[in-house]
Amino acid sequence: MIINKTENLVHTFFCVCFMAFVMTTYNTFLNQGFSVDTLKDSWLRFPFTFLAAFVLEYFIVGRHGMKLAFKLHQQYHTPFQKKAITSLVIVSGMATIMSLYGSILTVGFSKDLPLTWGHNLAINFVFAYPLIVFVTLPLVGFVFRKIFPIGSLVDIAK
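Residues numbered from 1 in each chain as written. Predicted model: local features only at pLDDT ≥ 70, side-chain atom pairs only at ≥ 80, totals over all residues. Heavy atoms only, no water.

Novice: Quick rundown of the overall build of the chain? Include the residues and the values.
Specialist: Check the secondary structure of the chain and you find four helices and zero strands. Listing the helices and strands of the chain from first to last along the sequence gives α-α-α-α. Radius of gyration (C-alpha) of the chain: 17 Å, near the 15 Å computed for a compact globule of 158 residues. Considering only C-alpha atoms, the chain reaches an extent of 50 × 30 × 30 Å along its principal axes. Counting all 158 residues of the chain, 37% fall into the buried class. Taking the contacts inside the chain whose residues are at least 6 apart along the sequence as the reference set, 70% of them involve residues at least 24 apart. Just so you have it, the chain exposes about 9900 Å², and 73% of that area is on carbon and sulfur atoms. Each charge class in the chain can be summarised by its mean position, and for the 12 positive and 6 negative side chains these summaries are 11 Å apart. (Helix = DSSP H or I, 4+ residues; strand = E, 2+ residues; numbered from the N terminus. Rg over C-alpha atoms; globule rule 2.2 N^0.38 Å. Buried < 20%, exposed > 50% of the residue type's maximum accessible area, 1.4 Å probe, protein only. Contact = heavy atoms within 4.5 Å. Areas by Shrake-Rupley, 256 points an atom, 1.4 Å probe, with all protein chains shown as cover. Lys, Arg positive; Asp, Glu negative; His and termini not counted. Charge placed at Lys NZ, Arg CZ, Asp CG, Glu CD.)

Novice: Mind laying out the nonpolar core, listing which residues take part and the relevant values?
Specialist: Ranked by size, the top nonpolar core spans 12 residues in total: V16, A20, F46, F50, A53, F54, L56, Y58, V61, I90, M94 and M98. The dominant element in this core, judged by the number of residues it contributes, is helix α2 (residues 36–72), at seven residues. Those residues in contact with V16, other than ones at most four positions away along the chain, are F50, A53, F54 and E57. (Core = buried A, V, L, I, M, F, W, Y, C linked by side-chain atoms within 4.5 Å.)

Novice: Account for a positive patch on the surface, with residues named and values stated.
Specialist: Residues K5, R63, K67 and K71 make up a contiguous surface patch of positive charge. At three residues, α2 tops the list of elements feeding residues into the positive patch. We classify K5 as exposed; its relative accessible area is 53%. (Patch = residues over 30% accessible without salt bridge, like charges linked within 9 Å, V, L, I, M, F, W, Y side chains within 5 Å. Salt bridge = Lys/Arg side-chain N within 4 Å of Asp/Glu carboxyl O.)

Novice: So what about the UniProt feature "transmembrane region" (unreviewed entry) in the chain? Which residues, and what values?
Specialist: The positions UniProt marks with the feature "transmembrane region" (unreviewed entry) are residues 12–30, 42–63, 84–109 and 121–144. Annotation note: span residues 12–30, helix share 100%, strand share 0%, distance between end C-alpha atoms 26 Å. The distance separating the terminal C-alpha atoms of residues 42–63 is 28 Å; by composition the span is 100% helix and 0% strand. (UniProt positions renumbered as here; feature names shortened; annotations may be inferred.)

Here you go:
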């Protein structure tokens, strides 16, 4: 569990880094097929995608999404259900905007943009939601606490 703003920043950085790399690679493979050149292309696209995703997640979707997620949480929800609800809200926002980002990179501002965006949104959401719930959050949470035990990151935002 994240206990302060510094931990939130670092945890968000780790989550976005992992998700941006996996989703960039996934989308590049879907568009170009599986090859060494595709892996190289996804690696070259990663820094720009990560930067866009981090700014979007930390400053926009994450802040507003958490407010909505907390409104949806009920007392009878288990911790896993609360994480699943929060992830649903965050992935909905991130997949929508990042699919638009990827669609613009792929087809530009052409007449194909709405159809490409809808297609990308569907395939990205279906992949990203289980990825974040079952892989990213458990993996990043484990690694995060191994690197930063509880209380080791002091809140610098006070």
